[in-house]
Amino acid sequence: MTARNPTARGGHRKRGAGRAARIKERSRDSTGEVVRPGQSGGQYRPLSESDIQRIYETALNLLESVGIGDPLPEILHYALPRGCTVDDDNRLRFPRALVEDLIDISAKEYTRFAPDPVNDLEVRGADVLFSTAGEAVTILDFETQRFRPTTLIDLYDATRLADQLEHIHSFGQPFIAADYSGDTFVHDVNIAYTQLAGTKKPFSLGVANVDHIEPLIALFDGYLGEEGGFLKRPFCIFSGCPILSPLRFAKDNAQVVVKVAELGLTCDVAVAPQAGATSPAALAGTLAQCFAETLACLCVVNLVRPGSPINFGMWPFISDLR
């Protein structure tokens, strides 16, 4: 057999302009960004509809029959009049019908404000937005190639970097300032100032104590030059971990969530059970527990202020059982 000669007809074959045409087509009416804020997602679906429904049903059963332990007086103030109950083990139980009502009334979209309005974002539906996050306590030093505690300067550098990266749409605190960790108030204020100095994109930060929220708002009002200005355009979202897995409220951050909801601000929660340690080793069980815990936060927020937005931060981990 002889190999087929692609140039047999008419001499050398002329390369088509297909690739150039495709590039030109993609660039038409485009900002040049590969990942634009608000692109539609939802295509990755590792679970079947029946799997999702089983996890959902299990989570509702957990909230109704097991509940969330150590409820705060601030939470009980809103929950008990709506039909929640506290059992003999001091666990707050959420009736299934109430949970589904609160899911229905919770906000389905909201505006994520930025210090510079040109960077405002619409958070809705299956739209995809990229953000940093994490609050790590160590960082790999490039020069020494060793891990060391994170500093406020590290955070400032990361904030400025994210501000210039077009594919990062908002900034979430990626690590703490360990050099200020001795005083949580000093830490939180410095974190807030550093992020505000470093980016004009929307940003969020973890708040250690509910008493820190008012001073932080005053700081942001000072930046805007208007008392009450921040509540009109809240360009920072306060975040925390209001659940201590398995299925208990964490006092300090739960108080933060209630206060943020009372102010009419968006809540950002991170619920982080560890499969094999603070949640079942079976991943389906961990998903059900994590969903129930995060759903409890959604319920609290919407009991405080119906129709509130919440960043539904399910963040399960896996323990190394070795």
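Model, not experiment: these values are computed from the prediction. (Residues numbered from 1 in each chain as written. Predicted model: local features only at pLDDT ≥ 70, side-chain atom pairs only at ≥ 80, totals over all residues. Heavy atoms only, no water.)

Looking at this model, I keep getting lost on the overall build of the protein. Mind explaining?
Looking only at helices and strands, one finds 10 helices and 18 strands in the protein. By the burial criterion, 39% of the 322 residues in the protein qualify as buried. Of the contacts formed within the protein by residues at least 6 apart in sequence, a portion of 68% connects residues at least 24 apart. Accessible surface, the protein: about 18200 Å² in total, of which carbon and sulfur atoms supply 54%. (Helix = DSSP H or I, 4+ residues; strand = E, 2+ residues; numbered from the N terminus. Buried < 20%, exposed > 50% of the residue type's maximum accessible area, 1.4 Å probe, protein only. Contact = heavy atoms within 4.5 Å. Areas by Shrake-Rupley, 256 points an atom, 1.4 Å probe, with all protein chains shown as cover.)

Can you walk me through helix α10 (residues 283-304) in this structure?
Helical periodicity: at 3.6 residues per turn, an α-helix aligns residues three or four positions apart in one direction. Between its first and last C-alpha atoms α10 spans 32 Å; for 22 residues at 1.5 Å apiece the expected length is 32 Å, and the two agree. Within α10, 18 of the 22 residues are buried, which leaves the element mostly enclosed by the surrounding structure. (Expected span 1.5 Å × (residues − 1).)

I would appreciate a short explanation of the side chain of Gln289 in the present structure.
Locating Gln289 in the fold gives a position in helix α10. Take Gln289: its relative accessible area is 7%, and that puts it in the buried class. Within the local environment of Gln289, its side chain forms a polar contact with the backbone oxygen of Thr278, the two atoms lying 2.9 Å apart. Non-local contacts of Gln289, meaning those with residues more than four positions away in its chain, are made with Leu62, Ser245, Pro246, Leu247, Pro273, Thr278, Ser279 and Pro280. (Polar contact = N/O pair within 3.5 Å; in protein donor to acceptor, adjacent residues only side chain to side chain.)

Got a minute to help me understand the sheet that holds strand β11 (residues 203-206) in this structure?
By definition, the strands of a sheet pair up through backbone hydrogen bonds, in either a parallel or an antiparallel sense. In spatial order, the strands read β10-β11-β12-β15-β17; together these five strands make up an open sheet with parallel pairing. Sheet topology places β10 (171-172) and β17 (310-311) at the edges, where each strand pairs with a single neighbour. Bridge analysis of β10 against β11 gives two bridges, and the strand direction is parallel. Within β11, the residue paired with Phe171 across the bridge is Phe203. Most of the contacts of helix α6 (residues 184-198) go to β11, to which it runs at about 165°, and overall it touches β10 and β11. Those strands touched by helix α9 (residues 251-262) are β12 (236-240) and β15 (267-269), and its axis lies near 155° from that of β15. (Pairing = 2+ DSSP bridges. Axes fitted to C-alpha atoms, helices over the stretch in contact; angles between N-to-C directions.)

Quick question: what am I supposed to make of the pairing of β11 here?
Every regular strand shows the same layout, with side chains that alternate between the two sheet faces. Judged by which residues are buried, β11 turns out to be covered on both faces: Phe203 and Leu205 on one side and Ser204 and Gly206 on the other are all buried. In this view, the connection linking β10 to its parallel neighbour β11 by way of α6 has right-handed handedness. Inspection of the sheet shows β11 paired to β12 by four bridges, in the parallel sense. Bridge pairing links Leu205 to Phe238 in β12. (Right-handed = clockwise from strand over helix to strand, strands pointing away.)

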